Amino acid sequence: MHVHILGICGTFMGSLALLARDMGHTVTGSDSGVYPPMSTQLIEAGIALREGYAASNLEPLPDLVVVGNALSRGNAEVEALLDLGLPYTSGPQWLAEHVLPGRQVIAVAGTHGKTTTASLTAWLLESAGLEPGFLIGGVPRNFGVSARLGAPGSPFVVEADEYDTAFFDKRSKFVHYRPEIAVLGNLEYDHADIFPDLAAIERQFHYLVRSVPGRGRLLVADGEPSLDRVLEMGCWTPVERFGDQASSPWRLELERDDASRFRVVHQQGETNEDAVIDWPLTGIYNARNALAALAAAHVCGVDLARACAAAARFETPRRRQEVRGEVGGVQVIDDFAHHPTAFAATLEGLRAATPRGRLLAVIEPRSNTMRLGTLRDRLMASTAAADRVYWYQPPGLDWSLAPLVEASPVPACLEEDIDALVASLVAEARPMDRIVVMSNGGFGGIHEKLLAALEVAHG
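Residues numbered from 1 in each chain as written. Predicted model: local features only at pLDDT ≥ 70, side-chain atom pairs only at ≥ 80, totals over all residues. Heavy atoms only, no water.

### What to know about the overall build of the protein chain
Right, on to step 1. The number of helices and strands found in the protein chain is 14 helices and 23 strands.
Right, on to step 2. Taken over C-alpha atoms, the radius of gyration comes to 22 Å for the protein chain, in line with the 23 Å a tight globule of 459 residues would show.
Right, on to step 3. Over its C-alpha atoms, taken along the principal directions, the protein chain stretches across nearly 65 × 55 × 40 Å.
Right, on to step 4. Taking all 459 residues of the protein chain together, 59% fall into the buried category.
Right, on to step 5. Pairs at least 24 apart in sequence give 64% of the contacts found in the protein chain among residues at least 6 apart.
Right, on to step 6. Carbon and sulfur atoms make up 49% of the accessible area of the protein chain, which totals about 17500 Å².
Right, on to step 7. Distance between charge centroids for the protein chain: 3 Å, based on 39 positive and 57 negative side chains. (Helix = DSSP H or I, 4+ residues; strand = E, 2+ residues; numbered from the N terminus. Rg over C-alpha atoms; globule rule 2.2 N^0.38 Å. Buried < 20%, exposed > 50% of the residue type's maximum accessible area, 1.4 Å probe, protein only. Contact = heavy atoms within 4.5 Å. Areas by Shrake-Rupley, 256 points an atom, 1.4 Å probe, with all protein chains shown as cover. Lys, Arg positive; Asp, Glu negative; His and termini not counted. Charge placed at Lys NZ, Arg CZ, Asp CG, Glu CD.)

Next up, the structure:
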C-alpha cells in the first residue's frame, strides 16, 4: 500500500511514517518548514519528503492519505485530496486500526513530561527483554528512533497527546488508543488555540479514563487537583497513585537536592520494596517521570530493582536537557520546554545541578498558547532560577515581550534577530556557564550558530 502523510515532519506523524514503512508500506509525505531531528530521521529511513503542500504531491495517487492535525481546510493538498475523493484518515485512527490491536497499550498522558516518561517506560521494558513497540513525540537516544513496531504481541508505549486529532475529528488524539495502562502525569491549562479553559481539557482526559478497561490500571500523579477532578467524573479501573505523598503506593524520597539520586518506595499491601536511582538527569519533575515509568513497567511484570538499575543507563530523548556541545567551558543545552511551568521546572533542575558558574536561559515563546498570550503573565516568574534570561521575539508573535522583559525580576534582555542574540550570548558567556535554549521549534538553528560562534571566540 502507498501511504502518503500530510505534515510528515511533525513529531507524531514522522513516527507514524516509520511504523508504516516497517510494516512494508510505501511511504511518502509532505510538510513545510522541516527541521531536525525528525527530518533527518525520515531521510535516513529512506522516506521521500516533499517540501510544501501542493496537489502535485498526490501524484502518483496514494492508496491512503494520513492527515496531520496541523492541516486544515484551505490547504492546497487537503483540498486536492477531497476533490479527488481519495481515502483519508487521521494519524491516531491509523495507529489504532493498524498497529495497536492485540497489544498491551501503555498510554502516557499529561501536560508535561510525556516524552521523557514514555521513552523511559519503553527503555525499562526493553531492558527487561520485552522488546516493546513505541511511538514517542521525540527521539529516545537509547533507541535512536522515535517509533518501532517491537516484537509481535509485545507491549506498545504511546505518547498520548491531548491535542486534537484532525480537521475532521476534533477529539483529543489519545481517545483513539484504548490503553490497558494509562499514565496521567499532570494536567494544567495549555493549547489555548483549541481549548477554551481547563475544564474542557479535563473532559477530554475523562474520555481517556472511560476507555481504560476494568482489568487495566490507571497510574495517576498525586497532588494534582485537575486529575482528581477527572477521576471524580467517573472511574471504573483500579488506580495507583505516584508522587511524594505518604499515602501513595509509589513514592520517591530525594537523596540529593538536585534529584539526581532518589529512593523509590513501592508499597504493596503490608509490604514495601524499595530501590535507588542514581542517574544523570536532574529536577524533581524528572524524578516523578521516572516514578511513573517504573510503575507502568511494574504492571507489565518488570522487577523494581532491575528497572531502577536500567534507569541509571537511560539517556534523555533528543531536545530534553540535551547537551549539544561545550566550548571554552561553556555548555550549550537544548530543551523542548514551551510552557511557563516547563520553563520553571527545567531551570530549577539545572540550577540545582549548577553549583559553579551561571545559568543563562534563552527562550523562544513559540507555541500556539504562547502566541495567543494566554499565559504571558506567568512568563517572568517562570525564569526565577536563571541568572540571566535572553528572550527572543519570534515573527508572528503579535504581542510584545518588551513590557514584561522590562519588569523582569531576573536580569533580562530582548532580541528580535537570532544573529544578534548569538552575539550577545557569546559576549556574556564565561567558563563554567551553562546556556539552556528552550523552544518547541528549530529556533533558526541557534544551537549550531552559538557553538560555532563560541569556537571562534575561544580560538
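Right, picking up where we left off after that structure.
### Remarks on the pattern of salt bridges
Right, on to step 1. Inspection of every chain in the model, using the stated rule, returns 24 salt bridges.
Right, on to step 2. Residue Arg-215 pairs with Glu-180 through a salt bridge whose shortest N-O separation is 2.8 Å. Here the residue Arg-215 occupies a position in the loop between α6 (198-210) and β13 (217-221), and Glu-180 occupies one in the loop between β11 (169-172) and β12 (181-184), the gap between them amounting to 35 residues.
Right, on to step 3. For Asp-228, the salt bridge is made with Arg-241, and the minimal N-O distance between the two is 3.0 Å. Of this pair, Asp-228 sits in helix α7 (residues 225-232) while Arg-241 is found in strand β14 (residues 239-243), placing the two residues 13 residues apart along the sequence. (Salt bridge = Lys/Arg side-chain N within 4 Å of Asp/Glu carboxyl O.)

### A short note on helix α8 (residues 284-299)
Right, on to step 1. Given a rise of 1.5 Å per residue, 16 residues ought to cover 22 Å, and the 23 Å separating the end C-alpha atoms of α8 matches this to within 8%.
Right, on to step 2. Burial runs high along α8: 12 of the 16 residues are buried.
Right, on to step 3. What α8 keeps buried is the set Asn-286, Ala-287, Arg-288, Asn-289, Ala-290, Leu-291, Ala-292, Ala-293, Leu-294, Ala-295, Ala-296 and Ala-297.
Right, on to step 4. Note on α8: the residue one or two positions beyond its end, Gly-301, has a positive phi of about 100°. (Expected span 1.5 Å × (residues − 1).)

### Description of the environment of Val-332
Right, on to step 1. Within the element layout of this structure, Val-332 appears in strand β19 (residues 330-335).
Right, on to step 2. By relative accessible area, Val-332 is classed as buried at 0%.
Right, on to step 3. Once the C-alpha coordinates of Val-332 and Leu-450 are considered, the two residues, 118 residues apart in sequence, prove to be 8.1 Å apart.

### Concerning the sheet that holds strand β20 (residues 359-363)
Right, on to step 1. Reading across the sheet, the 6 strands line up as β18-β19-β23-β20-β21-β22 and stay open at both edges, with mixed pairing between neighbours. Whereas interior strands pair on both sides, the edge strands pair on one side only; in this sheet they are β18 (322-327) and β22 (412-415). Going across the sheet, the axis of each strand differs from the next one's by a mean of 20°, ignoring polarity.
Right, on to step 2. Looking at chain direction, β19 and strand β23 (residues 434-438) are connected through 5 bridges and run parallel. (Pairing = 2+ DSSP bridges. Axes fitted to C-alpha atoms, helices over the stretch in contact; angles between N-to-C directions.)

### Let's talk about the side chain of Glu-240
Right, on to step 1. Here Glu-240 shows up in strand β14.
Right, on to step 2. A polar side-chain atom of Glu-240 sits 2.4 Å from a polar atom in the side chain of Arg-217.
Right, on to step 3. Contact partners of Glu-240, with chain neighbours within four places excluded, come to Arg-217, Leu-218, Leu-219, Val-220, Pro-249, Trp-250 and His-266. (Polar contact = N/O pair within 3.5 Å; in protein donor to acceptor, adjacent residues only side chain to side chain.)

### Thoughts on the pairing of β20
Right, on to step 1. A large share of β20 lies buried, amounting to 5 of its 5 residues.
Right, on to step 2. Both faces of β20 are covered, namely the face carrying Leu-359, Ala-361 and Ile-363 and the face carrying Leu-360 and Val-362.
Right, on to step 3. One ladder, built from 5 bridges, connects β20 with β23; its direction is parallel. For Leu-359, the partnering residue across the bridge sits in β23 and is Arg-434.

### Remarks on the packing of aromatic side chains
For any pair of aromatic rings, the description rests on two quantities: the centre-to-centre distance and the angle between the ring planes.
Right, on to step 1. Summed over the entire model, instances satisfying the criterion amount to 8 aromatic pairs.
Right, on to step 2. Here the aromatic rings of Phe-167 and Phe-168 are separated by 5.0 Å at their centres, their planes lie at 90°, and the arrangement is edge-to-face.
Right, on to step 3. Taking the relative accessible area as the measure of exposure, Phe-168 reaches 36% and is therefore partly exposed.
Right, on to step 4. When the centroid spacing of 5.1 Å and the interplanar angle of 80° are considered together, the rings of Phe-174 and Phe-205 count as edge-to-face. (Phe/Tyr/Trp six-rings, centres within 6.5 Å; stacked < 30°, edge-to-face > 60°.)

### Points about the sheet that holds strand β16 (residues 261-268)
Right, on to step 1. The strand order across the open sheet formed by 10 strands is β8-β7-β9-β6-β12-β13-β14-β15-β16-β17, and the pairing between neighbours is mixed. The sheet terminates laterally at β8 (147-148) and β17 (271-278), the two strands that pair on one side only.
Right, on to step 2. In this sheet, β14 lies alongside β13 in parallel orientation, the contact comprising 4 bridges. From the neighbouring strand, Ala-221 faces β14, where its bridge partner is Phe-242.
Right, on to step 3. Sheet strands touched by helix α5 (residues 114-127): β6 (105-109), β7 (133-135), β8 and β9 (156-159). Its angle to β9, the strand with the most contacts, is close to 170°.
Right, on to step 4. α8 rests against β6, β12, β13, β14, β15 (250-254), β16 and β17 of the sheet, and its axis sits at about 145° to β15.

### Details of the layout of surface pockets
Right, on to step 1. Computed from the structure, the second largest pocket encloses a volume of approximately 190 Å³.
Right, on to step 2. Considering the residues around the second largest pocket, the lining is formed by 13 residues, among which Pro-280, Leu-281, Thr-316, Gln-321 and Val-323 are closest to the centre.
Right, on to step 3. Looking at the lining of the second largest pocket residue by residue, the class counts come to 7 nonpolar, 3 polar and 3 charged. (1 Å grid on protein atoms, 1.4 Å probe; cavity = no way out; pocket = protein on both sides within 12 Å on 5 of 7 lines; lining within 4 Å. Points joined across faces, edges and corners; volume = space filled by probe spheres on them. Nonpolar A, V, L, I, M, F, W, Y, C, P; charged D, E, K, R; others polar.)

### Describing the pairing of β14
Right, on to step 1. Regarding topology, α7 serves as the crossover connection from β13 to the parallel β14, and that connection is right-handed.
Right, on to step 2. Where β14 and β15 come together, 2 bridges link them in parallel fashion. Counterpart to Phe-242 in the pairing with β15 is Trp-250. (Right-handed = clockwise from strand over helix to strand, strands pointing away.)

### Side note on unusual backbone geometry
Right, on to step 1. Going from Glu-59 to Pro-60, the amide bond is cis rather than trans, its omega being -10°.
Right, on to step 2. For Glu-131, which is not glycine, the phi dihedral falls at a positive 50°.
Right, on to step 3. Within the secondary structure layout, Glu-131 lies in the loop between α5 and β7.
Right, on to step 4. What makes Glu-131 partly exposed here is its relative accessible area of 45%.

### Comments concerning helix α14 (residues 446-457)
Right, on to step 1. With 12 residues, α14 extends 16 Å between its outermost C-alpha atoms, agreeing within 8% with the 16 Å of an ideal straight helix rising 1.5 Å per residue.
Right, on to step 2. Within α14, burial applies to Ile-446, His-447, Leu-450, Leu-451 and Leu-454. For α14, the angular spread of buried residues about the axis comes to 130°, placing them on one side.
Right, on to step 3. Turning to α14, the residues buried within the fold contact β18, β19, β20, α13 (418-428) and β23. (Arc of directions from axis to C-beta.)

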